[in-house]
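Chain by chain, the residues run as shown.
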Amino acid sequence: MALRTLFVLMNISLISINTWAEEIQINPAHPDQYTVVKGDTLWDISGKFLNQPWQWPELWNNNAQIKNPQLIYPGDTIYFSIVNGRPQLDLSRNAQQAQYGVDSTCVLGEDDVKNGRTKFNVSETGKLLPCIRETVIKQAINLIPAESIAQFLTSPKVVTENELNNAPYIIDFAGEHLIAGAGDKVYVRSITQPENRSYTIYRAGDTYVSPDTGEILGYDAKYIADTIVQKPGDPATLSITKSNSEIRKGDRAMPKNEDEVTLNYFPRPPEKSINGSLISVLGGVSQIGLYNIVVIDKGTKDGILAGHELAIYRTGKSINDPYSTIKNDVVKLPDEIAGTLMVFRPFERVSYALVMKATQAIHILDKVKTP
């Protein structure tokens, strides 16, 4: 697939969380007020006031001013209070913005243009003075850091063994190259009737295995390059338009999905109990922390959907008890919560997820559970 457009829709008024929680859990260490800064997300801000950030729709709706959280901007200040026993948020806009233009300088704002402003400053001689055209360029905060997941929305992907083995493969390069890159041509077996003109080159990567049963859950198909079919056939001729690394003989070609990618993220717990494990980390990192991309051993077959939030538990280690009356007695320490993650791209047996919160170091084989 290829990412053509990414929409993160946050229409808070159209969704209810009554089925997810009976009562809002307020963070006992919440601030009385918080001023939004660049880089904040709605999830981050909600976590300052809530124990469970996925309860944010109900909290944001309990106020008279914040009609839509996606229209909160850096510089705005949010105030927390309890009114009639219910938590409430109030909002004040950036004071500097509110006062902008209250001086001798002529400023033409967007509302002035829409409303057809007719009064402008004039000089002593009666000439019209120039105005500064004011345009709001500040972007509202996002629900989640979308830039962290953008490159993982379509590539790489998880495939079955048959999908990978049956895909067309590169048999040779044009021009006697040993390896190929952007601008080169490659010959690919058996693309006689292309599904479309665009094909993605993948290479077999990690094998995802269940830590509980040893069963193979899927295969990582690593993104290598984008190509265009110039001439169908066996072999077909493909032209490389973009490459992430060198292309090799034997790499597989799969058709791109040209459908528009539309994603609706409403973080919430799964409707059923999930008990799984964190089995891999993407992006070439060795230590897992905030906003890293991880792979869990649960997917759509287990009821996992995009937006599902899971708690991460650090697996308690096993230690010897030298004081026990039992010889060589081993004690398993309890698992401890280490953070939370949100699934953004589920496959049949595994899912890609974004670490939304990390309170301590997170490791491969740590547990993931319904909060």
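Structural notes, computed from the coordinates. (Residues numbered from 1 in each chain as written. Predicted model: local features only at pLDDT ≥ 70, side-chain atom pairs only at ≥ 80, totals over all residues. Heavy atoms only, no water.)

Turning next to the nonpolar core. Residues I78 and F344 are the most contacted members of the largest nonpolar core, which totals 38 residues. For this core, the secondary structure elements donating two or more residues are helix 1 (42–49), helix 2 (56–61), strand 2 (77–83), strand 3 (86–92), strand 14 (293–296), strand 18 (336–346) and strand 19 (351–358). Beyond its immediate sequence surroundings of up to four residues, F344 is in contact with I149, F152, L153, Y265, I293, A306, Y352, A353 and L354. (Core = buried A, V, L, I, M, F, W, Y, C linked by side-chain atoms within 4.5 Å. Buried < 20%, exposed > 50% of the residue type's maximum accessible area, 1.4 Å probe, protein only. Helix = DSSP H or I, 4+ residues; strand = E, 2+ residues; numbered from the N terminus. Contact = heavy atoms within 4.5 Å.)

The full count for this structure, using the stated rule, is three aromatic pairs. A centroid spacing of 5.7 Å and a plane angle of 15° characterise the contact between F49 and F80, whose relative ring orientation is stacked. Here the residue F49 occupies a position in helix 1, and F80 occupies one in strand 2, the gap between them amounting to 31 residues. The exposure class assigned to F49 is buried, which follows from its relative accessible area of 0%. Where F344 meets Y352, the ring centres are 6.4 Å apart and the plane angle is 45°; that geometry is what we call tilted. For Y352, a relative accessible area of 0% translates into the label buried. Taking NZ or CZ as reference, K369 lies 5.0 Å from the ring centre of Y313, over its face. (Phe/Tyr/Trp six-rings, centres within 6.5 Å; stacked < 30°, edge-to-face > 60°. Lys NZ or Arg CZ within 6 Å of the ring centre and 35° of its normal.)

Turning to helix 1, its buried residues are L42, W43, I45, S46 and F49. Along helix 1, the residues classed as buried sweep out an arc of 165° about the axis, all on the same side. (Arc of directions from axis to C-beta.)

Now for the sheet that holds strand 2. Read from one edge to the other, the open sheet built from three strands follows the order 1-2-3, with strand pairing classed as antiparallel. Looking at which strands have only one partner, the edges of the open sheet turn out to be strand 1 (33–35) and strand 3. Between one strand and the next, the sheet's axes are offset by a mean angle of 20°, whatever the strand orientation. Pairing of strand 1 with strand 2, which is carried by three bridges, proceeds in the antiparallel orientation. For T35, the partnering residue across the bridge sits in strand 2 and is T77. (Pairing = 2+ DSSP bridges. Axes fitted to C-alpha atoms, helices over the stretch in contact; angles between N-to-C directions.)

Further remarks concern the sheet that holds strand 19. Ordered by their spatial adjacency, six strands build a closed barrel running 13-14-19-18-15-20, and the pairing between neighbours is antiparallel. Across the sheet, the mean angle separating the axes of adjacent strands is 45° when strand polarity is ignored. Direction of pairing for strand 13 (residues 275–281) relative to strand 20 (residues 367–369): antiparallel, over a ladder of three bridges. Directly across from G276, in strand 20, lies its bridge partner V368.

Within the element layout of this structure, T237 appears in strand 11 (residues 236–243). Overall, the relative accessible area of 15% leaves T237 in the buried class. Residues contacting T237, with those up to four places away along its chain left out, are K185, V186, Y187, I228, V229, Q230 and K231.

In this structure the tally under the stated criterion is seven salt bridges. Two residues, D251 and R203, come together in a salt bridge whose shortest N-O distance is 2.8 Å. On the criterion of sequence distance, the pair formed by D251 in the loop between strand 11 and strand 12 (252–255) and R203 in strand 9 (residues 198–209) is long-range, its members being 48 residues apart. With a relative accessible area of 4%, D251 lands in the buried category. Taking the shortest distance from any N to any O, the salt bridge between R248 and E246 comes out at 3.1 Å. (Salt bridge = Lys/Arg side-chain N within 4 Å of Asp/Glu carboxyl O.)

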